[in-house]
Amino acid sequence: MAKIVIIGASTGGLPAAYEMKAALGSPHEVTVISNTENFHFVPSNPWVAVGWRTRKDISFSLRPHLEKKGIKLIAEAAQKIDPVKNEVITAAGTIVPYDYLVIATGPQLAFDEIEGLGPGKNTVSICTVDHAEEAYEKYLNFVKDPGPIVVGATQLASCFGPVYEFAFILDTDLRRRRIRKKIPITFVTSEPYIGHLGLGGVGDSKGIMEHEFRERHITWHTNAKVKKVEQGKMIVEITSEGEKELPFKYSMMIPAFKGVDAVAQVEGLCNPRGFVIVDAFQRSPKYPNIYAVGVGIAIPPVEATPVPTGAPKTGYMIESMVAATVHNIKDSIDGKTISTKPTWNAICLADMGDTGMAFVAAPQIPPRNITWSKKGKWVHLAKIAFEKYFIRKMKKGVSEPFYEKAILAAMGIKKLEEPRK
């Protein structure tokens, strides 16, 4: 009997647990270690932050759904990984042995790298549902006494899609409240141009995003490095322009990511930022029984930029990592040579409040076979439908990849190679 331990139970970890159990069957043991008892659908956090969703809408208890599938849940944060003894030690002192370990922790949010940044300080966040709820509380106070808004992503950030979504969602919500005309919105980003997305752009993402910003009267600063944030004031340094002070009464900024401490402290497992180094099979080159999926893996930026940016890991890309990991662990247990590689394609639906943008980058890292982007109301509706579909599948305990099928169906594409008509 093999013991497979998965650290993390979000977009990567939970599907990994279901697929692993389905692939291996009852003779083998699958255990999930999670720092929370509940699953949260992270892509819905921008909606939570303006009150379009609640925690109840996007969350459910993990234990009954995992246990129904014969998967054990340990709802304790992982504190240490011992790759010599093949053990994970939790913050509560529980020792969890493994034959194979899958790291799906997601990132640590590096608010501390910029003075005054983050919840409890001078900006809000939508990185977690807790953060999004706090952002909504502050937003309700803001709309009573509105003023300038600053939204953006700091240097070394790698998650740009939700930043654009939130800017557009704020614009839409403020227009519905009939107070948009009172509120200047400024977008601040480390990207070299609008629509770069950490991907070097996708299709006409630059043109679409810039057009949308102009239509909505959202001004922007690119190549921006946030130096510090004071109450009501953000100090940024913009390449070729110098230092600027941006006033605000409400600000949401995405921070840089780094690896979580329990993972980053394992010698030889990670790069200097604490992200897990993996080979073409999602496996650690140093520890062949350790795999990693999701935002916590090391992927180099697609290109050098004046202000450093990171490469995003999209949901569809993560699904391909999970599928490869499951196949390779099963082959390893069966005594076969591992051979499955993830596709690392990007297929995304980005909400814009009352419309949306879809893009395909295959593969995600250039040069690409396919690069495509489209805007339309159908994307907004498709993202709403996908949210419900994903949560429903996670409650049922999906045992096979479905992300590609669901998104492509929403986009009207049967196969990734088929252009949308």
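Attention in this report is confined to the structure presented alongside it. Note that this is a predicted model, so its numbers are computed, not measured. (Residues numbered from 1 in each chain as written. Predicted model: local features only at pLDDT ≥ 70, side-chain atom pairs only at ≥ 80, totals over all residues. Heavy atoms only, no water.)

1. Thoughts on the layout of surface pockets
Any empty space left between the atoms is revealed when a probe the size of a water molecule rolls over them. One number sums up the size of the second largest pocket: a volume of about 250 Å³. Along its surface, the second largest pocket is lined by 14 residues, and N122, K138, F248, K249 and Y250 are the ones closest to its centre. Elements with a contribution of two residues or more to the lining of the second largest pocket: α5 (129–144) and β17 (250–254). Taken together, the residues of the lining of the second largest pocket break down into 4 nonpolar, 6 polar and 4 charged. (1 Å grid on protein atoms, 1.4 Å probe; cavity = no way out; pocket = protein on both sides within 12 Å on 5 of 7 lines; lining within 4 Å. Points joined across faces, edges and corners; volume = space filled by probe spheres on them. Helix = DSSP H or I, 4+ residues; strand = E, 2+ residues; numbered from the N terminus. Nonpolar A, V, L, I, M, F, W, Y, C, P; charged D, E, K, R; others polar.)

2. Overview of the pattern of salt bridges
Per the stated rule, a full pass over the model turns up 28 salt bridges. In this structure, E67 and R63 form a salt bridge, with 3.5 Å as the shortest nitrogen-oxygen distance. With a gap of 4 residues between them, E67 and R63 both fall in helix α4 (residues 62–68), about one helical turn apart. Look at E67 and you get partly exposed, because its relative accessible area is 47%. Assessed through its relative accessible area of 27%, R63 is described here as partly exposed. Two residues, R175 and D171, come together in a salt bridge whose shortest N-O distance is 2.9 Å. Pair noted here: R175 and D171 are both in helix α6 (residues 161–176), with a separation of 4 residues, about one helical turn. D171 gets classed as buried once you look at its relative accessible area, which sits at 1%. One network of salt bridges, in which partners are shared, links D171, R175, R180, E212, R216, D354 and K375. (Salt bridge = Lys/Arg side-chain N within 4 Å of Asp/Glu carboxyl O. Buried < 20%, exposed > 50% of the residue type's maximum accessible area, 1.4 Å probe, protein only.)

3. Focus: helix α7 (residues 205–215)
For an α-helix, the turn length of 3.6 residues means that residues three or four places apart are oriented alike. Listing the buried residues of α7 in full gives S205, I208, M209, E210, E212 and F213. Where α7 is buried, its residues contact α6, β12 (185–189), β13 (218–221), β21 (356–362) and β22 (370–375). The positive-phi residue at the C-terminal boundary of α7 is H217, with phi of around 60 degrees. (Contact = heavy atoms within 4.5 Å.)

4. So, the sheet that holds strand β20 (residues 346–351)
Taken together, 3 strands build an open sheet; the order of strands is β20-β21-β22 and the sheet is antiparallel. Edge positions in the sheet fall to β20 and β22, since each has one partner strand and no second. Recorded for the sheet is a direction-independent mean angle of 5 degrees between the axes of neighbouring strands. Summarising the sheet, β20 and β21 pair through 6 bridges and their orientation is antiparallel. Across the sheet, the residue bridging to D351 is G356, located in β21. Packing against the sheet, helix α10 (residues 377–396) makes contact with β20, β21 and β22, and its axis sits at approximately 100 degrees to β20. (Pairing = 2+ DSSP bridges. Axes fitted to C-alpha atoms, helices over the stretch in contact; angles between N-to-C directions.)

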